[in-house]
Amino acid sequence: MKVLVIGGGAREHALCRSLSLDPDVTALHCAPGNAGIAEVAELHPVDQLDGEAVARLATGLQADLVVVGPEAPLVAGVADAVRAAGIPCFGPSEQAAQLEGSKAFAKDVMAGANVPTARSYVCTTAEEIDEALDAFGAPYVVKDDGLAAGKGVVVTSDLAEARAHALACDRVVIEEFLDGPEVSLFAITDGTTVLPLTPAQDFKRALDDDEGPNTGGMGAYSPLPWADPKLVDEVMDTVLQPTVDELRRRGTPFQGLLYAGLAITSRGVRVIEFNARFGDPETQVVLARLKTPLAGVLLNAANGTLDNEPPLNWREDAAVTVVIASHNYPGTPRTGDPIEGLEEVAAQDAPHAYVLHAGTKRDADAIVSAGGRVLSVTATGKDLTEARERAYTAVGRIRLDGSQHRTDIARKAAGA
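Residues numbered from 1 in each chain as written. Predicted model: local features only at pLDDT ≥ 70, side-chain atom pairs only at ≥ 80, totals over all residues. Heavy atoms only, no water.

Per an unreviewed UniProt entry, the protein chain goes by Phosphoribosylamine--glycine ligase and derives from Streptomyces lateritius. UniProt, in the comment section headed Sequence similarities (unreviewed entry), describes the protein chain in these words: "Belongs to the GARS family." Of the comments in the UniProt record for the protein chain, the one headed Pathway (unreviewed entry) reads "Purine metabolism; IMP biosynthesis via de novo pathway; N(1)-(5-phospho-D-ribosyl)glycinamide from 5-phospho-alpha-D-ribose 1-diphosphate: step 2/2." (UniProt positions renumbered as here; feature names shortened; annotations may be inferred.)

Next comes the structure, spelled out in structure tokens:
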């Protein structure tokens, strides 16, 4: 099988790493990729938002499967263009991807599917915004209706901050605050059959102890020792399957990765948000634990034959990933700084720990930073304690001037 992965972040590096280990994958390509992905896949330049360009590339490579990683190409209809060229594509259509592209659309689908979620208002005027903020009170949850690269949500007790964020959005969803721990649960679906993956938890705030601004994610771990063993079955029955069924009923079947961001509240499981693709950094830990070869599962989802797929196999090992971010992230990051220590991790920590690249590029003989989140250092171990130790040992070998990372990823769950 020849596979083309679209994207260039740590999520795509995790996907490419898993696909490169799959004996059924005979050729692996990635566009545009990054410096780390170049070690496991052949890179190609492409405008990942241009569906026709992606389809031409896939056709030229005679790809048997295209996997679209990020949300922006999905919302731009790239998967539709690839399928129109007659190539199986793992990733929802432009219409189905509105589940992530529009918070208001997602709320409408959840209402139709009777999926438990936060009460909310969709607002377009200052008057509506003030009424909604007043109705729910603090802490305020304010979400940009459109895509915002994981940074469109503000959760704050400061009314002025909440109002300012709401006014800066064309259309905004204001909703009640959901108490309780958050869980990410991914499911692979062909539009009918739903195959859940193992739950993970990510860390959105920039600083230790969940302080600082919201980010795209600073780390993650799996499994969740504190979660109810019946959680996956419950979410399948009340959230994932009803959502997939509702989208099919509407004539917009969802084929690809359905990501449910959940709050385990005092009143039960509630959906915080849906995403239409693998989450970053949760993908890094989920795929680290997946035993089943990945390519065949994704191809079955793309072809509508997921009912042929046996239950997935998982390693007993735990996995932890720690994001190393550049100076000033999540503000405008500083880029172009050399990254050192990658060879040391490969020599001393493999196979239990490895580095997945996010914002990197090759500059002559050096690998330099090229984005906000630069690396995802991922490790496995017999339990979360061992996985954490291995991850942070590897983090300690990386040298990137001005970089930042959280020191408390999975600490509480490991009982540390």
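Now, onward.
1. Focus: the side chain of D337
Examined against the element boundaries, D337 turns out to sit in the loop between β18 (318-325) and β19 (339-340). Every residue in contact with D337, bar those within four places of it in the chain, is listed here: I367, V368, S369, L400 and D401. (Helix = DSSP H or I, 4+ residues; strand = E, 2+ residues; numbered from the N terminus. Contact = heavy atoms within 4.5 Å.)

2. With respect to the environment of V68
Looking at the element boundaries, V68 is found in strand β4 (residues 65-68). Along the primary structure V68 and L257 are separated by 189 residues, whereas in three dimensions their C-alpha atoms are 9.9 Å apart. When residues no more than four places from it in sequence are discounted, the contact partners of V68 are I6, P73, L74, V78, C89 and F90.

3. Concerning the pattern of salt bridges
Applying the stated rule across the entire model yields 26 salt bridges. Here E175 and K107 are joined by a salt bridge, their closest N and O atoms 3.1 Å apart. With E175 in strand β9 (residues 172-175) and K107 in helix α6 (residues 103-113), this pair connects stretches of sequence that are 68 residues apart. Like K107, E175 is buried. Here D209 ties to R411 by a salt bridge, and the two come within 3.2 Å at their closest N and O atoms. Remark: R411 occurs in the segment after β24 (399-400) and D209 occurs in the loop between β13 (205-207) and β14 (211-214); sequence separation between them is 202 residues. Accessibility expressed as a relative area gives 30% for R411, which makes it partly exposed. Each of R11, E12, E71, E100 and R277 takes part in one network of salt bridges that share partners. (Salt bridge = Lys/Arg side-chain N within 4 Å of Asp/Glu carboxyl O. Buried < 20%, exposed > 50% of the residue type's maximum accessible area, 1.4 Å probe, protein only.)

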